[in-house]
Amino acid sequence: MDHVVRAYLEHPEGSLFHHQIESYDAFMQVGLEQIVHHRRVIRVEAKHEGGPCAIEIEFGRVTVFPPCVREHDGQTRPLSPLEARVRKLTYQVGVGVDVEQRMYKMDENDVEQLESRKTFCEVPIVQIPCMLNSSYCIQQTSHVRESVGGYFIINGHEKTCQAQIKLRINCPFTHKSV
């Protein structure tokens, strides 16, 4: 019986946590971009000495960077789940967005004229914890898999999401560890 359970847990598609890994991957590949593009263009209008102007910021392509750590000397290098545990770090991916900034000014006929346009590539906007054995996990690309995955490493500690029966709608539940 022990070999059956071990085989079930070692096979990724048969894992107890495979549904969580699939859900995380779907969020990172589709959901994250939907959130960013929900407000694709932000417009701010202002008045100053030169007359009224407007600035538009448009969000473009979303990029997810692999887990990495920035050392004290400023150098950035890849971070493995094991190193995150040992050094009590959060195993996380960076998310960047291409941003286009446009500045408009009103001319003497009150017609908006484009004054400048700048494009910034892969502007970092957020760090998101990386689920182990997801498609964004470094150990997923290596041949050595240290666990079945489906959990996060936050400040060196393993954390997981637990599915629970929904008691209330739109009300988050938190529980303090004992």
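Peer 1: It is not clear to me how the pattern of salt bridges should be interpreted in this structure. Could you clarify?
Peer 2: Any two side chains of opposite charge can pair if their charged atoms end up close together. Overall, the coordinates contain 15 salt bridges when judged by the stated rule. Note that Glu-71 and Arg-87 form a salt bridge whose closest N and O atoms lie 3.1 Å from each other. Of this pair, Glu-71 sits in the loop between β3 (68-70) and β4 (76-78) while Arg-87 sits in the loop between α3 (81-86) and β5 (92-106); the two residues are 16 residues apart in sequence, bridging distant segments of the chain. A relative accessible area of 18% means that Glu-71 is categorised as buried. With relative accessibility at 35%, the residue Arg-87 sits in the partly exposed group. Several salt bridges converge on common partners, so that one network encompasses Arg-40, Arg-43, Glu-45, Glu-56, Glu-58, Glu-100, Arg-102, Glu-112 and Arg-117.

Peer 1: How do you make sense of the nonpolar core when you look at a structure like this?
Peer 2: Side chains of a nonpolar character, in soluble globular proteins, are inclined to be buried together. Counting 24 residues, the largest nonpolar core has Tyr-24, Met-28, Tyr-91, Val-93, Ile-128 and Cys-130 as its most contacted members. Mapped onto this core, the elements with two or more residues apiece are α2 (18-38), β2 (51-65), β5 and β7 (152-154). The dominant element in this core, judged by the number of residues it contributes, is α2, at five residues.

Peer 1: Teacher, can you tell me more about the sheet that holds strand β6 (residues 112-129) here?
Peer 2: Strand-to-strand pairing in sheets goes through backbone hydrogen bonds, with the strands running parallel or antiparallel. Reading across the sheet, the four strands line up as β1-β2-β5-β6 and stay open at both edges, with antiparallel pairing between neighbours. The sheet is open, and its two edges are formed by β1 (41-48) and β6, each paired on a single side. Direction aside, neighbouring strands of the sheet carry axes that sit 20 degrees apart on average. For β5 and β6, the ladder comprises 14 bridges, and the chain directions are antiparallel. Looking at β6, one finds that Val-97 is bridged to Val-123. The strands touched by α2 within the sheet are β2, β5 and β6, with β2 carrying the most contacts at an inclination of about 175 degrees.

Peer 1: Got a minute to help me understand the environment of Met-28 in this structure?
Peer 2: Positionally, Met-28 belongs in helix α2. It is 9.4 Å that separates the C-alpha atoms of Met-28 and Ser-135, two residues lying 107 residues apart in sequence. Leave out the neighbours within four places in its chain, and Met-28 touches Val-64, Val-93, Ile-128 and Tyr-136.

Peer 1: For this particular structure, what's the right way to read the side chain of Glu-83?
Peer 2: Tracing the backbone through its elements, the reader meets Glu-83 in helix α3. If near-sequence neighbours (up to four positions away) are discounted, Glu-83 is found in contact with Glu-71, Arg-77 and Pro-78.

Peer 1: How should the packing of aromatic side chains be read in this particular structure?
Peer 2: Aromatic ring pairs are reported here in terms of the distance separating the ring centres and the angle at which the planes meet. Applying the stated rule across the entire model yields one aromatic pair. Measuring from centroid to centroid gives 5.8 Å for Tyr-24 and Phe-152, while their planes differ by 65 degrees, and the two rings are edge-to-face. Here Tyr-24 is found in helix α2, whereas its partner Phe-152 is found in strand β7, with 128 residues between them in sequence. Of the two residues, Tyr-24 and Phe-152, both sit in the buried class.

Peer 1: Would you take a moment to explain the environment of Phe-17 for this structure?
Peer 2: Looking at the element boundaries, Phe-17 is found in the loop between α1 (2-10) and α2. With 134 residues separating them in the primary sequence, Phe-17 and Tyr-151 have C-alpha atoms 8.5 Å apart. Discounting chain neighbours no more than four positions away, the residues touching Phe-17 are Val-148, Gly-149 and Gly-150.

The rules behind the values
By convention here, each chain's residues receive numbers from 1 onward along its written sequence. Confidence filtering applies because this is a predicted model: local features only for residues at pLDDT of at least 70, side-chain atom pairs given and counted only at 80 or more, and all residues used for totals across whole chains, interfaces and linings. Working from all heavy atoms in the structure, the side-chain values ignore hydrogens and water. Here a salt bridge means any side-chain nitrogen of Lys or Arg lying within 4 Å of a carboxyl oxygen belonging to Asp or Glu. Think of it this way: any DSSP run of H or I at least four residues long counts as a helix, any run of E at least two long counts as a strand, and we number them from the N terminus. Only protein chains enter the accessibility calculation, which uses a 1.4 Å probe; a residue is then buried when its area is under 20% of its type maximum, exposed when over 50%, and partly exposed in between. In this description, a nonpolar core means a group of buried Ala, Val, Leu, Ile, Met, Phe, Trp, Tyr and Cys residues linked to one another through side-chain atoms lying within 4.5 Å. Two strands form a pair only when DSSP identifies at least two bridges running between them. Angles shown run from 0 to 180 degrees and are taken between the N-to-C directions of axes, each axis being a line fitted to C-alpha atoms and, for helices, limited to the stretch in contact. Any two residues having at least one pair of non-hydrogen atoms within 4.5 Å are treated as being in contact. Each Phe, Tyr or Trp ring (for Trp, its six-membered ring) is paired with any other whose centre lies within 6.5 Å, and the angle between the two planes then decides the class: stacked below 30 degrees, edge-to-face above 60, tilted in between.

The quantities given are spatial measurements derived from coordinates; they are silent on function.
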